[in-house]
There are 2 protein chains.
Amino acid sequence: MTYCLGMLLDAGLVLIADTRTNAGVDNFSCYKKLHCLAEGPDRQVFAASSGSLSVSQSVIALLEEGLPPEDKEEAPRRLAAVTSMFRAAQLVGEAVQIINRKVGAALEAIHINSSVSFLLGGRIGEESPRLFLIYAAGNFIECQPDSPFLQIGETKYGRPILDRSVDMEMPLPDAVKIAFLSFDSAMRSNLGVARPLDMVVMARDRSLPLLTRRIEPDDEYFNDMSLRWARMLHQATLTIPDPPFMVGYGGEEQQRGRGAA
Amino acid sequence: MTYCLGMLLDAGLVLIADTRTNAGVDNFSCYKKLHCLAEGPDRQVFAASSGSLSVSQSVIALLEEGLPPEDKEEAPRRLAAVTSMFRAAQLVGEAVQIINRKVGAALEAIHINSSVSFLLGGRIGEESPRLFLIYAAGNFIECQPDSPFLQIGETKYGRPILDRSVDMEMPLPDAVKIAFLSFDSAMRSNLGVARPLDMVVMARDRSLPLLTRRIEPDDEYFNDMSLRWARMLHQATLTIPDPPFMVGYGGEEQQRGRGAA
């Protein structure tokens, strides 16, 4: 399993991926799933992957080597040369389709799910940061302000906090906090999602440096946040009044205790 | 889609089901999925269903009519006559298998998922309340103190709050609150889960009456709880300190504002 989350806000782009892979519960490993695909003075392109590790690694490797040129005379097509994030998403989609043709059918034949998906985020040239979700067939969607985040992998456990809290106008530190809380939920409920987490934060403001960081299992900030969150959730449930139709079903002493406090 | 949740705590049993069914997004309906299967001076047996509505309705109808007797001379086998909740779970499982044999293959042939699952809760004779999850094949598991809740249907969105908060020793009103918060999360993130919710609360203490209730879409308590919860989550995220490695990435003014408040 995997969980990857991208947020595209007024303040910039946040992209986070966990590192757990597993083939059954008896075969866990740690693999980096957040990759830098292109970096230069005019571009910073990152991708987070979910799905078959063999397929996603092949897609990344093919993108590094370059896709076959459309005209034999030309050079292989690379992300280092595309002129926009839209073109980058097209190239990644095409790489997915090429690898699907090479190994997809063979994997399906032995009933192994070969599908992969990618979150592709970054900036090329004068563009603002952009974020895309590339599906298993190589088609893709772009993140838009009405739904300023995209998820792949084990998306559901970590979604309620996003649905309730993500806001286009939030500062990047708040966005990262909420992203961490979303990962905290996913990791608690699914053993297939786990730290280390890899993250990249790209502020829209070009004067701020690109932030990349790995959050280890013993990360103090993350652990403190998780503890505080659990405590606050517990406190919040106590603060909500009991259902009025449940008077007499217990909890009254506790209620009185709270009233007296 | 559907979401049903059962909790079996020291204080008693809580069973809640939503009422939304859909065949595609263009065909929504409201059907009761929490059924009273047996009620009498010595028994109260309830089931919540998830999956193919035609199959689950047939299972319930078959249980009402009674399953074929093992000996032709005998009366049909009914939940009104079984001697324990374990026997009740066996009978429901057998009903699932019978209906599967009648229509399962026909549905699979036209690529319609015919699987159903049930949460079966209640009490028979001198037993304490018990809770079972009956799978699509008719096999089942019983809820145990180490994991004092069971879910069927769209289980993931509403799970983090349960993993963090459900506690064997909590009073029934707190359990119902947490169950409602779990439904609130599922309903926000999946249109296939919606009010009205049907609920039944069976206190272990036999002096307390069985509580059954429908929570309508305009239920004041539920709406107030949902609002308070959203507000408290927002407040909680603000209270958690910003990640130390994100100093300079915005949000400082907000931080100062909080400090001054």
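What you see is a predicted model; the values in this text were computed from it and never measured.

Q: I keep staring at the interface of chain A and chain B and nothing clicks. Help me out?
A: A common way to state how big an interface is: give the accessible area lost once the parts meet. On the chain B side, the residues contacting the 53 residues of chain A number 54 residues. Buried area between chain A and chain B, both sides added, is near 4,900 Å², and the carbon and sulfur share of it is 68%. Sorting the residues of chain A by area buried against chain B places Arg164(A), Phe245(A) and Tyr249(A) first, and these three jointly supply 18% of that buried surface. Inspection of the chain A/chain B interface yields 6 salt bridges. Taking the shortest distance from any N to any O, the salt bridge between Glu154(B) and Lys156(A) comes out at 2.9 Å. In this assembly, chain A and chain B are joined by 18 residue pairs in polar contact (both at pLDDT 80 or more). The set of elements that each furnish at least two residues to the side of chain A that touches chain B consists of helix H3 (159-165), helix H4 (172-189), strand S11 (197-203), strand S12 (211-215), helix H5 (220-239) and helix H6 (252-260) of chain A. The element contributing the most residues to the side of chain A that touches chain B is H4(A), with 12 residues. Split into classes, the residues belonging to the side of chain A that touches chain B amount to 32 nonpolar, 8 polar and 13 charged.

Q: What is the right way to look at the packing of helix H1 (residues 53-65) of chain A against helix H2 (residues 85-109) of chain A in this model?
A: Two measures define how a pair of helices packs: the angle their axes make with one another and the distance between the axes. All names here are of chain A. Here H1 crosses H2 at 135 degrees, and the two axes come no closer than 9 Å. Relative to H2, H1 is oriented oblique. Our pair here, H1 against H2, has a crossing hand that is right-handed. Contacts between H1 and H2 involve Ser54, Val55, Ser58, Val59, Leu62 and Leu63 on the former and, on the latter, Leu91, Val92, Ala95, Val96, Ile98, Ile99, Asn100, Val103 and Leu107.

Q: What exactly am I supposed to notice about the environment of Asp219(B) here?
A: All names here are of chain B. Its location among the elements puts Asp219 in the loop between strand S12 (211-215) and helix H5 (220-239). A C-alpha to C-alpha distance of 20 Å links Asp219 and Thr21, two positions 198 residues apart in sequence. Not counting residues within four places of it along the chain, the set of residues in contact with Asp219 comprises Arg195 and Arg213.

Q: Teacher, can you tell me more about the pattern of salt bridges here?
A: As a working rule, side chains carrying opposite charge can pair if their charged atoms are close by. Scanning the model with the defined rule gives 28 salt bridges over all chains in all. Put simply, Asp242(A) and Lys177(B) hold a salt bridge, and the shortest N to O gap is 3.3 Å. Here Lys177(B) lies in helix H4 (residues 172-189) and Asp242(A) lies in the loop between H5 and H6, a pairing that spans two chains. Of the two residues examined, Asp242(A) and Lys177(B), each falls in the buried class.

Q: When you look at the packing of aromatic side chains in this model, what are you seeing that I'm missing?
A: Each aromatic ring pair is specified by the distance between its two centres and by the angle formed by the two planes. By the definition in use, this model includes 14 aromatic pairs over all chains. A ring pair is formed by Phe245(A) and Phe180(B), whose centres lie 6.4 Å apart and whose planes are at 50 degrees; its orientation type is tilted. Pair noted here: Phe245(A) is in the loop between H5 and H6 and Phe180(B) is in helix H4, and the two residues belong to different chains. Note on Phe180(B): relative accessible area 0%, which makes it buried. Here Tyr3(B) and Phe183(B) contribute two aromatic rings whose centre-to-centre distance is 4.4 Å and whose plane-to-plane angle is 35 degrees, an arrangement assigned as tilted. With a gap of 180 residues between them, Tyr3(B) in strand S1 (residues 3-9) and Phe183(B) in helix H4 connect regions that are remote in the sequence. In this pair, the class of Tyr3(B) matches that of Phe183(B), namely buried.

Rules used throughout
- Residues numbered from 1 in each chain as written.
- Chains lettered and ligands numbered in written order.
- Predicted model: local features only at pLDDT ≥ 70, side-chain atom pairs only at ≥ 80, totals over all residues.
- Heavy atoms only, no water.
- Contact = heavy atoms within 4.5 Å.
- Buried area = accessible area lost by both parts, 1.4 Å probe.
- Salt bridge = Lys/Arg side-chain N within 4 Å of Asp/Glu carboxyl O.
- Polar contact = N/O pair within 3.5 Å; in protein donor to acceptor, adjacent residues only side chain to side chain.
- Helix = DSSP H or I, 4+ residues; strand = E, 2+ residues; numbered from the N terminus.
- Nonpolar A, V, L, I, M, F, W, Y, C, P; charged D, E, K, R; others polar.
- Axes fitted to C-alpha atoms, helices over the stretch in contact; angles between N-to-C directions.
- Parallel < 35°, antiparallel > 145°, perpendicular 65-115°, else oblique.
- Left-handed = near helix turned anticlockwise from the far one by under 90°.
- Buried < 20%, exposed > 50% of the residue type's maximum accessible area, 1.4 Å probe, protein only.
- Phe/Tyr/Trp six-rings, centres within 6.5 Å; stacked < 30°, edge-to-face > 60°.

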